[in-house]
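Spelled out from the first residue to the last, the chains are:
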Amino acid sequence: MSHSQAWAARAQKVLTPNYRQQPLALVRGQGARVWDADGKEYLDLLGGVAVNALGHCHPALVKALTEQAGTLWHVSNHFFIPRQIELAEALLRHTPWAGRAFFCNSGCEANEAMLKLSRKFHADLGHPERHEIVSCVDSFHGRTLFTVTAGGQEKYQHGFEPLVPGVRHVRFGDVEALRAALTDRTAAFIVEPTLGEAGVFPAPEGYLAAARELTRKAGALLCLDEIQTGIGRTGRWWAHEWAGVTPDILSSAKALGGGFPIGAILATEEVGQHLGGGSHGTTFGGNPLACATALAVLRELEGGVLERSVEVAASLREQLLALRAGGRLVDVRGRGMLLGLALRGVAAPEVGRLCREAGVLVNPIGDDTIRLAPPLTLTAGEAAEVVLRIGAALAAAPASAPRKA
Ligand SMILES: *Cc1c(COP(=O)(O)O)cnc(C)c1O
């Protein structure tokens, strides 16, 4: 029995069985690489689900975290926390339309805060009837009851009913459906600039601009879930910058802490004020350890990482597109360091397994997509290595049965 298999056997006895782990126990990481419990090395393009923007154990993050660990860990929001204030200032510098930040510990908590704030905003203005949330079918906003309701994926809701009332769903990318769904009871429209969990589907050209215009006219807020797409993932600080629109609130998490758990919402001055005294909170949110680490992430991105990632991402994309010649890769969706490989005639889980054997970790989604979320620090050499290995896995995968129409 391998060490990974031994860990798997122990896990099966003591952990709730909600995850479907790949059959590997990972024990060490450095940059874009991780090692399993048996000493095998992998290029990590799953990246802790788009979290490890600076790869593993980046020296600047290790330094920031350990320095903070020797200074002050946690005090709660009963006090001012200098690192938290600095982090808010740094995030707002990169987000000119926003005026207020709130910190929490994860993505779903950030979305929960964003949705609660949307209702509170209208309630404060004397319109408690404006409580409806419009969201997209097959989006992903997290696993709390409110966010799993917003996500609109039956498979994640089943058995957890009753869901949160007042949430309705429209088709992602469908401007007319959105127009029809927005009423004088709508608090907000929540949307991902690119559907991430569903397999990397960028919003169609013009969709976010239309959503901005329609929500404004309807008196509803536009809430962008940038948990996966933010913090440089698509080549800009925020993915909504590509669309040239600004929301009323956005949520961030995943890459924000580079692997240390932290979430945030950024809101306009006008809206953010309505998360008034005592209205919302969290014990751990924005604690010194999380904020010191996130500050180091931002400093690294500012210091050239983001710029360089754009170049490497362009070359990675180009090399991946060349794999289309093999006939099994039909498209490369997405932008920057968030890519969805659309497959044909081979099963994504099988390609994922072969990639793993070839020494590269990827995220198979459904039957026909492989999601890649490399660190923004991926080098050109590593990108070339990744493409070779993925190419070999694609070529080696057995043809899958043609899908029923
Ligand atoms: C990951 C993700 C979430 C949930 O974040 P958690 O930290 O897992 O709660 C929400 N929205 C999007 C778009 C995500 O990618």
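Here the structure is a predicted model, which means the values were calculated and not measured. (Residues numbered from 1 in each chain as written. Predicted model: local features only at pLDDT ≥ 70, side-chain atom pairs only at ≥ 80, totals over all residues. Heavy atoms only, no water.)

Caption draft 1: Up close: the packing of helix H12 (residues 288-322) against helix H14 (residues 380-396). Following both chains from N to C, one finds H12 and H14 inclined at 20°, their axes separated by 10 Å at the closest point. Taken together, H12 and H14 sit at an angle that is classed as roughly parallel. With respect to the hand of their crossing, H12 and H14 are arranged in right-handed fashion. Residue-level inspection shows Val 312, Leu 316, Gln 319 and Leu 320 of H12 in contact with H14, the latter providing Ala 380, Ala 383, Ala 384, Val 386, Val 387 and Ile 390. For the contact of H12 with H14, a count of residues per class yields nine nonpolar, one polar and no charged. (Axes fitted to C-alpha atoms, helices over the stretch in contact; angles between N-to-C directions. Helix = DSSP H or I, 4+ residues; strand = E, 2+ residues; numbered from the N terminus. Parallel < 35°, antiparallel > 145°, perpendicular 65-115°, else oblique. Left-handed = near helix turned anticlockwise from the far one by under 90°. Contact = heavy atoms within 4.5 Å. Nonpolar A, V, L, I, M, F, W, Y, C, P; charged D, E, K, R; others polar.)

Caption draft 2: Seen up close, unusual backbone geometry. Here the amide bond leading from Glu 161 into Pro 162 is cis, since omega sits at 5°, within 30 degrees of zero. Structurally, Pro 162 can be placed in the loop between helix H7 (154-157) and strand S6 (167-170). Of note, Ala 50 is a non-glycine position whose phi angle comes to about 60°, a positive value. Within the element layout of this structure, Ala 50 appears in helix H2 (residues 47-50). For Ser 76, which is not glycine, the phi torsion reads 80° and is therefore positive. Tracing the backbone shows Ser 76 in the loop between helix H3 (59-69) and helix H4 (82-93). The exposure class of Ser 76 is buried, given its relative accessible area of 14%. (Buried < 20%, exposed > 50% of the residue type's maximum accessible area, 1.4 Å probe, protein only.)

Caption draft 3: Fine view of the side chain of Thr 268. Its place among the elements puts Thr 268 in the loop between strand S12 (263-267) and helix H11 (269-272). A residue is classified by how much of its surface remains accessible, and Thr 268, at 13% relative accessible area, is buried. Here Val 271 takes part through its backbone nitrogen, which lies 3.1 Å from a polar atom of the side chain of Thr 268. Leaving out residues up to four positions away in the same chain, Thr 268 has contacts with Trp 97, Ala 98, Gly 99, Arg 100, Pro 247 and Asp 248. (Polar contact = N/O pair within 3.5 Å; in protein donor to acceptor, adjacent residues only side chain to side chain.)

Caption draft 4: Examining the pairing of strand S17 (residues 369-372) more closely. Here S17 shows a buried face lined by Thr 369 and Arg 371 and a second buried face lined by Ile 370 and Leu 372. Here four bridges tie strand S14 (residues 338-343) to S17, and the two strands are oriented antiparallel to one another. Following the sheet pairing, Ala 342 is matched in S17 by Thr 369. In the sheet, strand S16 (residues 363-365) pairs with S17 via three bridges, with the strands oriented antiparallel. (Pairing = 2+ DSSP bridges.)

Caption draft 5: Molecular detail of the sheet that holds S14. Spatially, four strands are ordered S13-S14-S17-S16 in an open sheet, and the strand pairing comes out antiparallel. Only two strands of the sheet have a single neighbouring strand rather than two, namely strand S13 (329-335) and S16. For this sheet, the mean angle separating the axes of adjacent strands, direction not counted, is 25°. Here H12 sits on the sheet and contacts S13, S14 and S17; the angle it forms with S13, its principal contact strand, is near 165°.

Caption draft 6: A look at the packing of aromatic side chains. Tallied over the entire structure, the rule returns three aromatic pairs. Seen in terms of ring centroids, Phe 140 and Tyr 156 are 5.8 Å apart; in terms of plane orientation they differ by 80°. Their pairing is edge-to-face. Linking Phe 140 in the loop between strand S5 (132-136) and helix H6 (145-151) with Tyr 156 in helix H7, this pair joins segments that are 16 residues apart in sequence. A residue is classified by how much of its surface remains accessible, and Tyr 156, at 17% relative accessible area, is buried. Plain terms: the ring middles of Phe 172 and Tyr 207 are 5.6 Å apart, the flat faces sit at 75° to each other, and that makes the pair edge-to-face. In this pair, Phe 172 is assigned in the loop between S6 and helix H8 (175-181) and Tyr 207 in helix H9 (residues 207-218), connecting sequence segments 35 residues apart. Judged on exposure class, the residue Phe 172 and its partner Tyr 207 are both buried. Among the aromatic residues, ring-to-ring pairing joins Phe 172, Phe 189 and Tyr 207 into one connected group. When the ring centre of Trp 35 is taken as origin, the NZ or CZ atom of Arg 28, which lies over that ring, is 4.1 Å away. Its end group placed over the ring of Phe 201, Arg 333 keeps NZ or CZ at 3.9 Å from the ring centre. (Phe/Tyr/Trp six-rings, centres within 6.5 Å; stacked < 30°, edge-to-face > 60°. Lys NZ or Arg CZ within 6 Å of the ring centre and 35° of its normal.)

Caption draft 7: Main features of the site of the ligand. The environment of the ligand is formed by Ser 106, Gly 107, Cys 108, Asn 111, Phe 140, His 141, Gly 142, Glu 192, Asp 225, Ile 227, Gln 228 and Lys 254. One of the backbone nitrogen or oxygen atoms of Phe 140 is found 3.1 Å away from a nitrogen atom of the ligand. For the ligand, the protein covers 81% of the area, taking 380 Å² as the surface of the free molecule. Per-element tally for the shell around the ligand: the top contributor is helix H5 (residues 107-124), with three residues. Along the lines of polarity and charge, the residues of the shell around the ligand split into three nonpolar, six polar and three charged. (Near = heavy atom within 4 Å. Areas by Shrake-Rupley, 256 points an atom, 1.4 Å probe, with all protein chains shown as cover.)

Caption draft 8: Broad picture of the environment of Gly 272. Structurally, Gly 272 can be placed in helix H11. Spatially, the C-alpha atoms of Gly 272 and Val 312 are 36 Å apart, while their sequence positions differ by 40 residues. Not counting residues within four places of it along the chain, the set of residues in contact with Gly 272 comprises Arg 100, Leu 117 and Ala 267.

Caption draft 9: Region of the structure containing the layout of surface pockets. Quantified by volume, the second largest pocket comes out at close to 720 Å³. Taken together, 27 residues form the lining of the second largest pocket, with Asn 77, Gln 84, Ala 101, Phe 102 and Phe 103 sitting closest to its centre. For the lining of the second largest pocket, the secondary-structure elements that each account for two or more residues are H4, strand S4 (100-104) and S12. (1 Å grid on protein atoms, 1.4 Å probe; cavity = no way out; pocket = protein on both sides within 12 Å on 5 of 7 lines; lining within 4 Å. Points joined across faces, edges and corners; volume = space filled by probe spheres on them.)

Caption draft 10: Structural detail: the sheet that holds strand S2 (residues 33-36). Overall, mixed pairing links the four strands, which are arranged S1-S2-S3-S15 in an open sheet. The sheet is open, and its two borders are formed by strand S1 (26-30) and strand S15 (360-361), each paired with just one other strand. Here two bridges tie strand S3 (residues 41-44) to S15, and the two strands are oriented parallel to one another. From the neighbouring strand, Asp 44 faces S15, where its bridge partner is Leu 361. The strands touched by H14 are S2, S3 and S15; relative to S3, the strand with the most contacts, the crossing angle is about 105°.

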